[in-house]
Amino acid sequence: MSLREGMILAAFGVVFYTYLGYPFLLWVLSRFKPREKKQAPYTPAATVLIAAHNEEKWIEPTLRSLLNSDYPADLLDIVVVSDASTDRTEEMVRSLHDPRVRWHQMPRRGGKTKALREGVHQTNRDFIVLADASSLFAPSAVRNLLRHFQDPRVGSVVGRKGILRTGTSLAAAEGSYWHYDALLREWESRTGGSWVGCEGTITAVRKSNYDLDFGDDLAEDYSMCCRIYERGLINRFDSQAVAFEASAQDMLMEFRRRIRVCVRGIRALFAFGYLLNPIKHPAYFWQNISHRLLRWIVPVLLVFILGASAGAPSPWIQGLFYSQIIFYGFAGLGILFKWRGRPLYRWAAFPAFFVTLNGAALVSWFLVARKYGVWDRTEHESVGPVRTPKDGNLG
């Protein structure tokens, strides 16, 4: 085997481990852990905290999904912190005429993290549920999140993010991605805790552990999870606590959003780099290298594999090269169809979404010095009249 073949094989091995090897090892380890015992009902008083900027389209259905949950009404209230919204968001919130919903206006834009810091001062309840302004909560989501806190070792609980079934192939592709990610988080949680971050769409935390003492340029959901870990508490994942969102309106918007997410995530990972000690923190180290860092490195390896396999004499490497050309060809067609507003076929949707995610991660390394503290919202796919989770259009 030549040096070139060895390097290609090594790079391909890292890609294989990242997407298949790591999940398999997690699955095996999770089989040796006892399943969580059935818990007695536990419904503490909690506040749902939402940071919103110009969410007039989504804020009302989001609030209705929470108000219509099966959680005791007297034990759940909602605080919407407006990050200096300039549209009809406030009007939509106040139109509900529900005393459980409170509005707090920030005088000037400061970004999501500053809005969340402000929001915590608007409640005196012991538990906080974090929600995005454009997420629809399933009826049992809040109950499933908060039931875990009867265990004093639990500091935070993460729910599952689902994608609204809008009938488009892009929604199906993104839904599959989040289903895959949810499986990893569930298996990580079974092995003792999921340390790859909370989820801004749906997370519950004890107010006493709600620590946002870090830079506004860092991913707040990941950084908060690191603070939970430093306190010696557990971050659990509950696949039965579900919140749904619509896909991004187009691939370019998703690409830009993923760049922002990756840059903030990379900066946060290195800001808490002192935790990446395999001797002191083996589980944290393994999960964050495998689930986080390698996902961001894979695009670099994919570019290397494509370039190194071009013109190689070995038949198997030639086969690998042409397989990549076909895959990226489908991805390019998918992105082109979506950009021109044409129907996106499933055979093109999955490659297009995969390339969008990895392309954004690749670009992020060149923008990692940029600080994303304040950003514009991402427009979601149009779903007609926005329905609540009980209408059965979710998945």
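Residues numbered from 1 in each chain as written. Predicted model: local features only at pLDDT ≥ 70, side-chain atom pairs only at ≥ 80, totals over all residues. Heavy atoms only, no water.

Draft legend 1. Up close: the pairing of strand 4 (residues 127-132). For strand 4, the tally of buried residues reaches six of six residues, placing the bulk of the element in the interior. Burial along strand 4 is two-sided: F127, V129 and A131 facing one way and I128, L130 and D132 facing the other are all buried. Here strand 1 (residues 46-52) pairs with strand 4 via six bridges, running parallel. Residue pairing in the sheet places I50 in a bridge with A131 of strand 4. (Buried < 20%, exposed > 50% of the residue type's maximum accessible area, 1.4 Å probe, protein only. Helix = DSSP H or I, 4+ residues; strand = E, 2+ residues; numbered from the N terminus. Pairing = 2+ DSSP bridges.)

Draft legend 2. Summary view of a nonpolar patch on the surface. Residues M1, L9 and W316 make up a contiguous nonpolar surface patch of roughly 360 Å² in combined accessible area. With respect to the helices and strands, L9 occurs in helix 1 (residues 3-31). Under the relative-accessibility criterion, L9 is labelled partly exposed at 40%. (Patch = residues over 30% accessible without salt bridge, like charges linked within 9 Å, V, L, I, M, F, W, Y side chains within 5 Å. Areas by Shrake-Rupley, 256 points an atom, 1.4 Å probe, with all protein chains shown as cover. Salt bridge = Lys/Arg side-chain N within 4 Å of Asp/Glu carboxyl O.)

Draft legend 3. Broad picture of the nonpolar core. In this structure, L49, Y210 and Y284 are the most contacted members of the largest nonpolar core, which totals 38 residues. When contributions to this core are tallied by element, the ones reaching two or more residues are strand 1, strand 2 (76-82), helix 4 (112-119), strand 4, helix 7 (220-230), helix 8 (251-271) and helix 9 (282-309). With six residues, helix 7 is the single largest residue contributor to this core. Excluding residues that lie within four positions of it along the chain, Y210 makes contacts with L49, L116, V120, I128, L130, V205 and M224. (Core = buried A, V, L, I, M, F, W, Y, C linked by side-chain atoms within 4.5 Å. Contact = heavy atoms within 4.5 Å.)

Draft legend 4. Spotlight on helix 2 (residues 59-67). The element helix 2 is largely enclosed, with a buried count of eight among its nine residues. Residues I59, E60, P61, T62, L63, S65, L66 and L67 constitute the buried set of helix 2.

Draft legend 5. Main features of the packing of aromatic side chains. Summed over the entire model, instances satisfying the criterion amount to 13 aromatic pairs. On the basis of an interplanar angle of 55 degrees and a centroid distance of 6.3 Å, the ring pair of Y17 and Y22 is categorised as tilted. With a relative accessible area of 21%, Y17 lands in the partly exposed category. Overall, the relative accessible area of 0% leaves Y22 in the buried class. A ring pair is formed by Y19 and F354, whose centres lie 5.9 Å apart and whose planes are at 55 degrees; its orientation type is tilted. On the criterion of sequence distance, the pair formed by Y19 in helix 1 and F354 in helix 11 (residues 346-364) is long-range, its members being 335 residues apart. (Phe/Tyr/Trp six-rings, centres within 6.5 Å; stacked < 30°, edge-to-face > 60°.)

Draft legend 6. Seen up close, the pattern of salt bridges. According to the stated counting rule, one finds 25 salt bridges in the structure shown. Across the pair R125 and D77 runs a salt bridge, and its minimum N-O distance is 3.9 Å. With R125 in the loop between helix 4 and strand 4 and D77 in strand 2, this residue pair connects regions lying 48 residues apart in the sequence. The residues R125 and D77 share a single accessibility class, namely buried. Here R231 makes a salt bridge to D211, at a shortest N to O gap of 3.6 Å. Taken as a pair, R231 in the loop between helix 7 and strand 8 (234-245) and D211 in the loop between strand 7 (202-206) and helix 7 lie far apart in primary sequence, 20 residues in all. A single network of salt bridges, built from pairs that share partners, joins K112, D132, E220 and R264.

Draft legend 7. Focus on the packing of helix 1 against helix 9. Closest axis-to-axis distance for the helix 1/helix 9 pair is 9 Å, and the angle between their directions is 150 degrees. The orientation of helix 1 with respect to helix 9, classified from their angle, is roughly antiparallel. In the packing of helix 1 onto helix 9, the handedness of the crossing is left-handed. (Axes fitted to C-alpha atoms, helices over the stretch in contact; angles between N-to-C directions. Parallel < 35°, antiparallel > 145°, perpendicular 65-115°, else oblique. Left-handed = near helix turned anticlockwise from the far one by under 90°.)

Draft legend 8. Examining the pairing of strand 3 (residues 101-105) more closely. In terms of strand pairing, strand 2 meets strand 3 through five bridges, oriented parallel. If you follow V79 over to strand 3, its bridge partner there is R102.

Draft legend 9. Examining the side chain of E188 more closely. Among the secondary structure elements, E188 is positioned in helix 6 (residues 169-190). For the buried E188, which has no salt bridge, the nearest side chain bearing the opposite charge is R185, at an N-O separation of 5.9 Å. Within the structure, E188 has its side chain in polar contact with the side chain of S194 (distance 3.1 Å). (Lys, Arg positive; Asp, Glu negative; His and termini not counted. Polar contact = N/O pair within 3.5 Å; in protein donor to acceptor, adjacent residues only side chain to side chain.)

Draft legend 10. Spotlight on the environment of K371. If you trace the backbone, K371 turns up in the segment after helix 11. Owing to a relative accessible area of 60%, K371 belongs among the exposed residues under this scheme. Taking the C-alpha atoms as reference, K371 lies 8.1 Å from L218; in sequence the two are 153 residues apart. Setting aside residues no more than four positions away along its own chain, K371 makes contact with D217 and R267.

Draft legend 11. Quick look at the confidence of the model for the chain. Confidence in the prediction for the chain averages 88 pLDDT; 89% of positions are at 70 or higher. Note on residues 391-395: pLDDT under 50 across the span, and 15 contacts to partners over four residues away in sequence or across chains. (pLDDT = per-residue confidence, 0-100.)

Draft legend 12. The environment of S65, seen in detail. As for its placement among the helices and strands, S65 is situated in helix 2. Residue S65 is classed as buried on the basis of its relative accessible area, which comes to 3%. Within the structure, S65 has its side chain in polar contact with the backbone oxygen of T62 (distance 2.6 Å).

Draft legend 13. Structural context of the packing of helix 7 against helix 9. For the pair helix 7 and helix 9, interaxial distance at closest approach is 13 Å and the crossing angle is 165 degrees. Of the possible angle classes, the one that applies to helix 7 and helix 9 is roughly antiparallel. Here helix 7 and helix 9 pass one another in a crossing that is right-handed. Between helix 7, through Y222, C226 and Y229, and helix 9, the contact on the second element is made entirely by Y284, N288 and R292. Its residues placed into classes, the contact of helix 7 with helix 9 shows four nonpolar, one polar and one charged. (Nonpolar A, V, L, I, M, F, W, Y, C, P; charged D, E, K, R; others polar.)

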